[in-house]
Amino acid sequence: MDWAIQEKNYSQRRACALVGMAPKTYRYTPKRADDKAIRERLRALASERRRFGYRRLHILLTREGMRLNAKKLYRLYREEKLTVRKRGGRKRALGTRAPLALPQGRNQRWSLDFVADSLVDGRRFRILAVVDDFSRECLALVADTSLSGRRVARELDRIGAFRKLPCLIVSDNGTELTSNAILAWQQERGVDWHYIAPGKPMQNGFAESFIGRLRDECLNEHLFSSLKDARRILEAWRIDYNTQRPHSSLQGLTPIEFATRPNQGHNQNRLSL
């Protein structure tokens, strides 16, 4: 069309007639919205969640009420020159994070972490530990050879069947805990999730402290003949930990005693990890 008009001096109407195009179609100029607000929020989320690609950022934007399809988001993602960089060398903590306030009651904040061990035949297995940061109760010890994001979500729902889900969950940036399954679970259940900075395990100090006790008092004290045997021993230890073992940071009370005592919140500020 442009060639016929510029080189042959055809009129616009004649050039359009030659190719069978309506003149209005030729003159149409597409008008895209500037999407300024979406671009700004996309850049902010990508800066905060450095290991999230555009698909996970799409879930976060949808959660905030910004409705757009994945193709458009991918176009904006590319135009803003955003990308998830490949890791190189050892882990380093990136950026800073605001410290979390101590919870003032049960089910306000849970912490998650994984620990690995092996059976007597050498097979490796993993354990998901879930801890209530206020009462220090161990809510679950889930042992299996594989623990995916979907499995973690199912176990959290299982805990939520007999007690209220928390306002906030704290964890590291493991692939299971940053998966699409976990992001979808957060959105559906209305639970906030705080990821600690890479290479800073003490930002998840409640879970790290518990894992140390679990390793010292249970895992190093037993040989596990099978996965079934490991689950039986872990559950027995979990019940004992919650109901019998005195906790030094709870003034010598067990987690259950501390959680059920009257006026439990008044002395919380004096407690330390």
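Residues numbered from 1 in each chain as written. Predicted model: local features only at pLDDT ≥ 70, side-chain atom pairs only at ≥ 80, totals over all residues. Heavy atoms only, no water.

Participant: Teacher, can you tell me more about unusual backbone geometry here?
Facilitator: Apart from glycine, the bulk of residues carry a negative phi angle, and the bulk of peptide bonds sit in the trans form. Positive phi, normally seen in glycine, also occurs at Lys81, with a value near 60°. Following the sequence through the fold, Lys81 ends up in the loop between α6 (70–79) and β1 (109–118). Despite not being glycine, Asn107 shows a phi value in the positive range, around 65°. The residue Asn107 is located in the loop between α6 and β1 in this model. (Helix = DSSP H or I, 4+ residues; strand = E, 2+ residues; numbered from the N terminus.)

Participant: Which parts of the structure should I look at to understand the packing of helix α7 (residues 149–160) against helix α8 (residues 180–189)?
Facilitator: Angle between the axes and distance between the axes are the two parameters that describe a pair of packed helices. Running from N to C, α7 and α8 point in directions that differ by 30°, and their axes come no closer than 8 Å. Considered as vectors, α7 and α8 are oriented roughly parallel to each other. In this structure, α7 uses Gly149, Arg150, Val152, Ala153, Leu156 and Asp157 to contact α8, whose residues at the interface are Ala181, Ile182, Trp185 and Arg189. (Axes fitted to C-alpha atoms, helices over the stretch in contact; angles between N-to-C directions. Parallel < 35°, antiparallel > 145°, perpendicular 65-115°, else oblique. Contact = heavy atoms within 4.5 Å.)

Participant: Would you mind showing me how to read α7 here?
Facilitator: Each α-helix turn comprises 3.6 residues. Residues three or four places apart therefore point the same way. With twelve residues, α7 should cover 16 Å at 1.5 Å per step; its first-to-last C-alpha distance of 16 Å lies within 8% of that length. Within the span of α7, buried status applies to Gly149, Arg151, Val152, Ala153, Glu155, Leu156 and Ile159. In the core, the buried residues of α7 are packed alongside β1, β2 (124–132), β3 (138–144), β4 (168–171), α8 and β5 (192–195). (Expected span 1.5 Å × (residues − 1). Buried < 20%, exposed > 50% of the residue type's maximum accessible area, 1.4 Å probe, protein only.)

Participant: Would you explain the packing of helix α5 (residues 54–63) against α6 in this entry?
Facilitator: Taken N-terminus to C-terminus, the directions of α5 and α6 make an angle of 115°; their axes are 10 Å apart at the nearest point. The angle between the axes of α5 and α6 places the two elements in the roughly perpendicular class. Crossing handedness for the pair α5 and α6: right-handed. Residues Tyr54, Leu57, His58 and Leu61 of α5 form the contact with α6, whose participating residues are Ala70, Leu73, Tyr74 and Tyr77. Residues belonging to the contact of α5 with α6 are distributed by class as follows: seven nonpolar, one polar and no charged. (Left-handed = near helix turned anticlockwise from the far one by under 90°. Nonpolar A, V, L, I, M, F, W, Y, C, P; charged D, E, K, R; others polar.)

Participant: Help me out: how do you make sense of the state of the cysteines in this one?
Facilitator: Here a disulfide denotes one covalent bond, and it connects the sulfur atoms of two cysteines. Going through the model one piece at a time under the given rule, you end up with zero disulfides. Not part of a disulfide, Cys138 finds its nearest cysteine sulfur in Cys218, a span of 10 Å. Residue class for Cys218 comes out buried when judged on its relative accessible area of 0%. (Disulfide = S-S within 2.5 Å.)

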